[in-house]
Amino acid sequence: MSAFTKEQKDYQNLVKQKRPKPPMLKNIIAAFAVGGTICAIGQVILNFFVSRGMTPEQAGAPTSIVMIFLGALLTGLGVYDKIGKFAGAGSVVPITGFANSIVSPAMEFKREGYVFGVAAKMFVIAGPVLVYGINSATIIGLIYYLIKL
């Protein structure tokens, strides 16, 4: 037995027909270009730290810090939202997207105060990603360790 009546099914079909098709190729190119540009900027920053005498492994942490700072700064200035509207997933995947996912809710709930607004809502989006990412990495590391025994 179907959960929808005939009228509801007809309406859903009409909506599918009338819904504008997204410009798929344009979206793919924009995501690739912006994501690639963000990564290229990260590479330039990494190269800067390496040119100052760090090894590539040592330069990774300060590069990540600078990229997170830039993502947070651009979010605070309202620029990252415009980049996200243009590039979609191309702006979300790099590390700057992580910064954006923390700063955006913090800014949105700032009017509720620093404790119950900013601090409480800062990890609304990024929190589950961190929890599942850390847990997944731990489980995979444990499995890897057990296989290597």
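Conventions adopted
The residue count restarts for each chain, going from 1 along the sequence in the order it is written. Under the rules for a predicted model, residues below a pLDDT of 70 receive no local features and side-chain atom pairs below 80 are neither given nor counted, while totals for whole chains, interfaces and linings still include all residues. As a rule here, side-chain values come from all non-hydrogen atoms in the structure, and water together with hydrogens is ignored. We call a set of buried residues a nonpolar core when its members are Ala, Val, Leu, Ile, Met, Phe, Trp, Tyr or Cys and they connect through side-chain atoms within 4.5 Å of each other. Burial here depends on accessible area, computed with a 1.4 Å probe over protein chains only, as a share of the maximum for the residue type. Under 20% is buried, over 50% is exposed, and the range in between is partly exposed. Helix and strand definitions here come from DSSP, where helices need a minimum of 4 consecutive H or I residues and strands a minimum of 2 consecutive E residues; each element is numbered from the N-terminal end. For helices, the fitted line uses only the C-alpha atoms of the stretch in contact; every axis is such a line through C-alpha atoms, and the angle between N-to-C directions lies from 0 to 180 degrees. Convention used here: angles under 35 degrees read as roughly parallel, angles over 145 as roughly antiparallel, angles from 65 to 115 as roughly perpendicular, and any remaining angle as oblique. Any two residues whose heavy atoms approach within 4.5 Å are treated as being in contact. Under the scheme applied, nonpolar residues are Ala, Val, Leu, Ile, Met, Phe, Trp, Tyr, Cys and Pro; charged residues are Asp, Glu, Lys and Arg; polar residues are all the others, including Gly. Two joining distances apply to patches: 9 Å for like charges and 5 Å for nonpolar side chains (Val, Leu, Ile, Met, Phe, Trp, Tyr), and every residue must have over 30% relative accessible area and no salt bridge. Where accessible areas are quoted, they stem from the Shrake-Rupley method and a 1.4 Å probe; at the residue level, only the protein chains shown are allowed to cover. Basic side-chain nitrogens of Lys or Arg form a salt bridge, by our definition, when they fall within 4 Å of a carboxyl oxygen of Asp or Glu. Left-handed describes a crossing whose near helix is turned anticlockwise from the far helix by less than a right angle; the clockwise case is right-handed.

A. Spatial organisation of the nonpolar core. Of all hydrophobic cores here, the largest spans 9 residues; its members are Val34, Ile38, Ile45, Leu46, Phe49, Ala59, Met67, Tyr80 and Ala87. For this core, the elements supplying multiple residues, two or more each, are α2 (24-51), α3 (56-76) and α4 (79-87). Among the elements that make up this core, the one with the highest residue count is α2 (5 residues).

B. Region of the structure containing the environment of Val124. Among the structural elements, Val124 can be located in the loop between α7 (114-121) and α8 (126-148). Once the C-alpha coordinates of Val124 and Ile102 are considered, the two residues, 22 residues apart in sequence, prove to be 7.7 Å apart.

C. Expanded view of the packing of α2 against α4. Two numbers describe how α2 lies on α4: the axes approach to 8 Å, and their chain directions differ by 140°. Taken together, the axis directions place α2 and α4 in an arrangement best described as oblique. Of the residues in α4, those touching α2 at Ala30, Ala31, Val34 and Ile38 are Tyr80, Ile83, Phe86 and Ala87. Across the contact of α2 with α4, the residue classes break down as 8 nonpolar, no polar and no charged.

D. Expanded view of a nonpolar patch on the surface. On the surface, a nonpolar cluster with roughly 520 Å² of combined accessible area is contributed by Ile41, Phe69, Leu70, Leu73, Leu77 and Val79. By residue number, the principal contributor to the nonpolar patch is α3, which donates 3 residues. One can find Val79 in helix α4.

E. Up close: the packing of α2 against α3. Relative to each other, α2 and α3 sit at 130°, their axes nearing to 8 Å. Classified by the angle their axes make, α2 and α3 are oblique. Classified by chirality, the crossing of α3 by α2 is right-handed. In this structure, α2 contributes Ile38, Ile41, Gly42, Ile45, Leu46, Phe49 and Val50 to the contact, and α3 contributes Pro56, Ala59, Gly60, Pro62, Thr63, Val66, Met67 and Leu70. Residue composition of the contact of α2 with α3, grouped by class: 12 nonpolar, 3 polar and no charged.

F. Here's a closer look at the pattern of salt bridges. All told, the structure shown has 1 salt bridge when counted by the stated rule. A salt bridge links Lys6 to Asp10; the nearest nitrogen and oxygen atoms lie 2.9 Å apart. Taken as a pair, Lys6 and Asp10 lie in helix α1 (residues 6-18) at a separation of 4 residues, close to a single helical turn. Accessibility expressed as a relative area gives 57% for Lys6, which makes it exposed.

Coordinates in, geometry out; function isn't part of it.
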